[in-house]
Amino acid sequence: QVQLVESGGGLVQAGGSLRLSCAASGRTFSFLTMGWFRQAPGKEREFVAAINWSGISSEYTDSVKGRFTISRDNAKNTAYLQMNSLKPEDTAVYYCATGPGWPRASYNYWGQGTQVTVSM
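Residues numbered from 1 in each chain as written. Predicted model: local features only at pLDDT ≥ 70, side-chain atom pairs only at ≥ 80, totals over all residues. Heavy atoms only, no water.

Re the state of the cysteines
Then step 1. Counted under the stated rule, the structure contains one disulfide.
Then step 2. The disulfide that involves Cys22 links it to Cys96, with 2.0 Å between the sulfurs. Where Cys22 bonds to Cys96 through sulfur, the torsion about that S-S bond is close to 60°, and the disulfide is right-handed. Of the two residues, Cys22 sits in strand 3 (residues 18–25) while Cys96 sits in strand 9 (residues 92–99), which places them 74 residues apart along the sequence. One exposure class covers both Cys22 and Cys96, and it is buried. (Disulfide = S-S within 2.5 Å. Helix = DSSP H or I, 4+ residues; strand = E, 2+ residues; numbered from the N terminus. Buried < 20%, exposed > 50% of the residue type's maximum accessible area, 1.4 Å probe, protein only.)

Considerations on the environment of Glu46
Then step 1. For Glu46, the position within the fold is in strand 5 (residues 46–51).
Then step 2. Residues Glu46 and Tyr95, spaced 49 residues apart in sequence, show a C-alpha to C-alpha distance of 9.9 Å.
Then step 3. The contact partners of Glu46, leaving out residues within four places of it in the chain, are Phe37, Arg38, Thr61 and Ser63. (Contact = heavy atoms within 4.5 Å.)

Considerations on the sheet that holds strand 3
Then step 1. The four strands lie next to each other as 1-3-8-7, forming an open sheet whose pairing is antiparallel. Of all the strands in the sheet, just strand 1 (3–7) and strand 7 (68–73) have a single pairing partner and so form its edges. Within this sheet the neighbouring strands show an average axis-to-axis angle of 15°, counted without direction.
Then step 2. Both strand 3 and strand 8 (residues 78–83) contribute to a ladder of six bridges, which runs antiparallel. Paired with Cys22 across the two strands is Ala79, which belongs to strand 8. (Pairing = 2+ DSSP bridges. Axes fitted to C-alpha atoms, helices over the stretch in contact; angles between N-to-C directions.)

Here it is, written out as structure tokens:
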């Protein structure tokens, strides 16, 4: 019902910035929570950030607080993850997801992922 496509991943040096985008289609986007997750090689999937339907509330995992910012543009059916002061530990495949509920959403739909690699 909902299709999500991530973009914006790539290779960046430590201390640099990158902005990920997540374009949604197939169902209403405005009233669903949007979240970002990541998975590094050999590690479990990790929650990164989430934003509620209106964009007023957001949550972040401790390791990215102060460095990452989640946002959304409902008119464009797109969510973003602005990543600043990137560290090698941020290297992972990043996934966007969406579903109902706040702050603990039921993430029923997932994108294909985009690779983020941070070099030293």
